[in-house]
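So you can see what is in the structure, the chains are spelled out below.
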Amino acid sequence: MSFPWAQEYKPQGTVAKWVDERLPLPRLVYNAVGAGYPVPRNLNYFWNFGVLAGVALVIQIVTGIVLAMHYYASVDGAFNSVEHIMRDVNAGWFLRYAHMNGASFFFIVVYIHIFRGLFYGSYKAPREMIWLLGVTIFLLMMATAFMGYVLPWGQMSFWGAQVITGFFSAIPLVGEPLRQLLLGGFAPDQAALNRFFSLHYLMPFVIAGVIILHVWALHIPGSSNPTGVSVKGEQDTVPFHPYYTAKDGFGLGIFLIFFVAVTFFAPNMLGHPDNYIPANPLSTPAHIVPEWYFLPFYAILKAFTVDFGIPFTGIIIIPAKLMGVLAMFGSILLLFFLPWLDTSPVRSGHYRPLFRKFFWYGLIPSLVVLTYCGGKPPYTQWVVLSQIAAAYYFAHFLIILPIVSRIERPLALPNSITEAVTGKPLPAAA
Amino acid sequence: MVRLVAFLVGLFFSGMLLLGLGDTIVSAIKEPALPTVEAGFHEETLPVTFAHDGPLGKFDRGQLQRGLKVYSEVCSACHSLKLVAFRDFAALGYSEDQVKALAKGWKTEVPSINPETGEPATRPGIPADKIPSPFANETAARAANNNALPPDLSLITKAREGGPAYVYSLLLGYRDQAGYKNEEGKELLKEFPDAATPPGLHFNPWFANLNIAMAPPLAADDQVTYDDGTKATKQQMAKDVAAFLTWTAEPKMENRKSAGWAALGFLLIFTLLAFMSYRTIWADKKH
Amino acid sequence: MSTVKKTSGAGKKPAKAASKVKSAAPAVTETQATAQGEGVRRRDFIHIATVSFAGVGAAAVAMPLVSQMSASADVLAQASVEFDIAAIEPGQAIKTSWRKQPVFIRNLTPAEIEAANKVDVGSLRDPQTLADRTKPGKENWLITLGVCTHLGCVPLGAASGEVKGEYGGYFCPCHGSHYDTAARIRKGPAPLNLNVPEYAFLSDTVVKIG
């Protein structure tokens with residue numbers, strides 16, 4: 001394991017010894033989330049969100065499996081089967097609302113987890129692989145959430161499927177055939193609904209698999225920490241259990257309080273009324289918006305309004321629609337390159353005065369604006385705002401971060417985690 | 001290399017966005033968006049409160065029964081309630097026999113087949129049946145309603161922004177368009193002379209595009225005679241049917257809220273215990 | 001390294017946590033040890049309470065996850081159905097369905113009734129008289145589930161022309177169970193007579209099952 005002072009699993013009793021020699025699963029768990037995993041002692045509450053994301057995935061898988069026992073993926077029956085769950089199935093309303101809001105809470109938790117990584121430089125060497133796997137999980141989550149939203153076959157489900165698969169038709173030459181391949185037809189219909197259900201059931205398990213890789217990769221260098229200073233010795237760490245299991249237990253309680261409050265008292269707050277209207281291929285809702293967690297990306301898509309071409313010739317090289325689609329995917333894919341764009345050797349934003357300014361006064365406001373504008377109709381003021389915010393978003397990652405990491409003069413780092421925590425310099429090495 | 005490519009890509013995307021920004025502003029100045037009649041004259045829902053509002057709210061059974069009466073005597077002539085079964089009415093406080101009588105006496109019979117000939121037929125409803133729809137299919141509904149489709153009402157309070165307040169406002173929102181002014185005192189037909197309600201439609205500023213195909217359903221007070229002696233004013237009927245339609249859309253609301261309180265209470269204790277446990281374990285660790 | 005640690009955390013470190021981080025506190029006096037012992041007990045109580053509370057919560061969440069599988073309200077609502085039996089002639093039977101299970105409604109002939117009544121009830125595997133299995137005054141109406149009590153196949157004998165088995169009632173082709181004219185098990189592996197559902201005559205010609 002990562003640190004030489006990690007405690008070793010000692011099987012107690014003959015059965016445990018017998019199992020340990022044949023399939024050391026308890027040992028694996030002990031070393032992964034037990035006393036055998038030394039973790040920096042100074043983690044703050046932002047470090048709770050990794051475990052919470054795992055809990056959110058479990059909530060989604062468990063409620064999803066039981067919902068699938070009652071749901072039928074048919075264009076005539078899907079909407080009614082969801083209402084059957086809401087009305088007639090025992091505790092069905094609870095399972096459905098928990099799944100519906102569980103998706104939103106999964107994204108809330110994962111977004112906080114990502115922002116923690118962005119601020120504290122968790123993506124930097126030697127943790128690049130954890131970051132790459134994390135972005136992969138995020139992409140898989142988005143695909144899963146989109147397909148899940150189609151399943152109730154309400155108006156937003158249908159038109160969401162229509163619009164999202166429409167992105168692919170922007171690709172030159174292969175676009176339209178590709179869209180037909182995805183949908184299994186010319187418009188979302190039975191074929192599309194069935195495959196979305198099949199994939200929506202499959203992908204959470206793929207996500208779970210990538211999470212195992214994510215956690216595995218985490219255990220090679222060990223967790224990062226708010227100072228960004230590497231662990232120097234045993235005094236810098238505590239065993240995951242009981243220290244962080246206890247802290248995560250408390251964090252879980254707080255998370256569940258929020259989750260329960262929304263699920264039981266405002267279950268439709270994060271949803272859209274139009275999805276309680278059965279899908280109608282002949283009539284588009286007045287105002288189509290995706291679920292809130294897609295709004296920033298939707299705003300980026302809509303922000304591209306001019307074609308890229310050669311001026312005064314009328315030759316268009318990249319039409320605005322294609323550019324919007326490229327930029328929308330690009331806005332997520334650029335995260336894959338982040339470890340090589342931000343080259344500052346200092347990890348934590350605490351010790352990076354310039355980076356911190358751009359993070360708090362640039363990146364966060366631009367994403368808030370994009371989320372807000374993504375849900376608004378295309379009126380001038382919202383388009384203008386989202387164009388400014390989207391321009392900043394791309395500039396932040398692709399231009400500002402590389403420059404900042406070159407010109408910035410970081411603050412003095414503490415010598416060690418223990419020193420940062422206790423405020424006392426380490427005694428001379430014993 | 002990565003950074004050089006990133007720089008160029010970033011420059012391209014941000015540059016195109018800034019070009020777009022200029023374009024948006026220029027075209028907004030050159031061709032400002034025309035004001036729309038909906039923007040100026042569509043109304044927010046009327047203020048109305050219900051017994052079921054809020055995290056402690058419970059349905060008023062008497063009101064739901066009155067609402068059912070309004071639905072069955074007024075709305076059900078055109079609007080279906082497909083997701084609700086007669087047996088569900090037990091939750092409104094009706095006994096088993098009353099539910100049976102309601103099902104049997106419903107003005108539309110349940111589609112069926114003649115057991116001997118197999119011909120389409122109808123039979124009286126039983127509690128297990130869903131409420132029969134007034135029209136056999138969408139085409140029939142449109143044919144009878146000047147090509148407008150009366151929406152199913154089962155989920156209407158969840159399917160419209162504003163929920164029951166929207167239903168309430170819409171039912172009471174019919175106005176005479178001639179001389180109609182909004183709160184700012186602007187007269188609709190003076191501002192938008194082209195926006196006159198076309199024949200066959202009805203002016204209602206609470207409807208999304210201001211012109212609704214539904215004729216005013218609640219025409220006068222005492223259109224429905226309430227069994228419990230409540231005076232059936234238009235406001236009362238609109239409020240009762242809005243409450244009833246909240247129940248049809250969310251029949252498990254009371255279970256949901258009470259389960260929510262139990263879950264919250266449990267979690268508060270758990271979180272407190274977990275916090276104490278956390279503090280105890282960390283008591284000796286400065287962090 | 002471990003020396004550094006010990007000096008930084010000695011004294012107030014509880015024994016439990018100390019053992020977790022693998023370094024026993026250096027020599028402690030007896031009074032300190034007692035004080036620690038009580039602290040540990042109180043702390044253990046908090047941890048046990050937290051974990052048990054979490055367990056209770058998990059069990060409470062498991063309940064809806066399991067109960068969602070039991071029959072839903074619309075299925076239960078179809079628990080009773082009414083049939084018109086006016087058209088069934090003596091000697092005839094109809095096969096209909098109740099709760100998605102086949103139901104046999106059979107109008108027995110006087111000969112069949114007599115055959116059923118002649119049997120020595122004490123010799124039966126599942127001793128019941130025909131009167132036990134019908135309504136008073138309506139002995140000719142034999143209403144049973146069409147589900148063999150062995151493994152749930154549908155016995156033959158309700159539709160005309162079907163094999164009625166060696167005792168003139170029903171015959172289950174799956175494993176060869178023979179039922180007599182009162183639908184009692186007479187031969188073969190089935191342990192019980194065909195089940196008689198709860199039913200009532202609403203009139204002479206309408207029967208309500210369930």
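Residue numbers restart at each chain and count upward from 1, following the sequence in its written direction. As they are written, the chains are lettered A onward and the ligands numbered 1 onward, keeping that order. Reporting in this predicted model follows two pLDDT cut-offs: at least 70 for local features of residues, and 80 or more for side-chain atom pairs to be given and counted; totals over whole chains, interfaces and linings ignore these cut-offs and use all residues. Each side-chain value is derived from all of the structure's non-hydrogen atoms; neither hydrogens nor water enter the calculation.

**Q** Describe the overall build of chain B, naming the residues involved and giving the relevant values.
**A** Counting from the N terminus, the helices are the DSSP runs of H or I reaching at least four residues and the strands are the DSSP runs of E reaching at least two. Summing up its helical and strand segments, chain B has 10 helices and 4 strands in all. Listed by position from the N terminus, the elements making up chain B come as α-α-α-α-β-β-α-α-α-α-β-β-α-α. Only the C-alpha atoms count toward the radius of gyration. The rule for a globule is 2.2 Å times the residue count to the power 0.38. A compact globule built from 287 residues would reach a C-alpha radius of gyration of about 19 Å, whereas chain B, at 27 Å, exceeds it by more than 25%. With respect to the principal axes defined by its C-alpha atoms, chain B has extents near 80 × 70 × 50 Å. Throughout this description, buried means an accessible area under 20% of the type-specific maximum (1.4 Å probe, protein chains only), exposed means over 50%, and partly exposed covers the range between. Considering chain B as a whole, with its 287 residues, one finds that 43% of them fall into the buried category. Summarising the internal contacts of chain B: among those between residues at least 6 apart in sequence, 66% fall at separations of at least 24. Just so you have it, chain B exposes about 14800 Å², and 59% of that area is on carbon and sulfur atoms. Note on contacts: a residue pair qualifies if any of its non-hydrogen atoms lie within 4.5 Å across the two residues. Each accessible area is a Shrake-Rupley estimate made with a 1.4 Å probe; only the visible protein chains count as cover when residues are assessed.

**Q** Which residues make up the interface of chain A and chain B, and what values go with them?
**A** Contacts between the two partners involve 64 residues from chain A and, on the opposite side, 56 residues from chain B. On the chain A side of the interface with chain B, the three residues burying the most area are Arg87, Tyr243 and Phe265 of chain A, jointly 15% of the side's total. The working definition used for a salt bridge is a side-chain nitrogen of Lys or Arg within 4 Å of a carboxyl oxygen of Asp or Glu. Where chain A touches chain B, the interface holds 1 salt bridge. The salt bridge involving arginine 87 of chain B is made with aspartate 88 of chain A; its shortest N-O contact spans 3.1 Å. A 3.5 Å cut-off defines polar contacts: any pair of N or O atoms within that distance qualifies, except that in protein one atom must be a possible hydrogen donor and the other a possible acceptor, and neighbouring residues in sequence count only when both atoms are side-chain atoms. The interface formed by chain A and chain B holds 13 residue pairs in polar contact (both at pLDDT 80 or more) in total. Mapped by element, the contributors of at least two residues to the side of chain A that touches chain B are helix H4 (78-87), helix H5 (92-120), helix H10 (240-265), helix H12 (320-333), helix H13 (338-341), helix H15 (380-407) and helix H16 (417-422) of chain A. Tallied by class, residues from the side of chain A that touches chain B come to 46 nonpolar, 10 polar and 8 charged. Accessible area that two parts lose when put together, evaluated with a 1.4 Å probe and summed over both, is termed the buried area. Gly is placed with the polar residues, together with every amino acid not listed as nonpolar (Ala, Val, Leu, Ile, Met, Phe, Trp, Tyr, Cys and Pro) or charged (Asp, Glu, Lys and Arg).

**Q** Please set out the sheet that holds strand E1 (residues 81-84) of chain C residue by residue, giving values where relevant.
**A** Residues and elements named next belong to chain C. For two strands to be treated as a pair, DSSP must find no fewer than two bridges joining them. Spatial strand order, E1-E9-E8: 3 strands in an open sheet with antiparallel pairing. Unpaired on one side and paired on the other, E1 and strand E8 (199-201) mark the two borders of the sheet. Pairs of neighbouring strands in the sheet enclose a mean axial angle of 20°, with direction left out of account. Where E1 and strand E9 (residues 206-209) come together, 4 bridges link them in antiparallel fashion. Within E9, the position partnered with valine 81 by the bridge is isoleucine 209. Lines fitted to C-alpha atoms define the axes, with helix axes restricted to the stretch in contact, and inter-axis angles between N-to-C directions lie between 0 and 180 degrees.

**Q** Please provide a residue-by-residue account of the state of the cysteines, values included.
**A** Residue and element names in this part refer to chain C. Counting rule for disulfides: a pair of cysteine sulfur atoms within 2.5 Å. Enumeration according to the criterion identifies 1 disulfide over all chains in this entry. Between the sulfur atoms of cysteine 153 and its disulfide mate cysteine 174 the distance is 2.0 Å. Handedness here is read from the sign of the S-S torsion; for cysteine 153 and cysteine 174, about -105°, the answer is left-handed. In this pair, cysteine 153 sits in the loop between strand E4 (141-145) and strand E5 (168-172) while cysteine 174 sits in the loop between E5 and strand E6 (177-180), placing the two residues 21 residues apart along the sequence. Of all cysteine sulfurs, the one in cysteine 148 lies closest to cysteine 172, which takes part in no disulfide; the gap is 3.8 Å.

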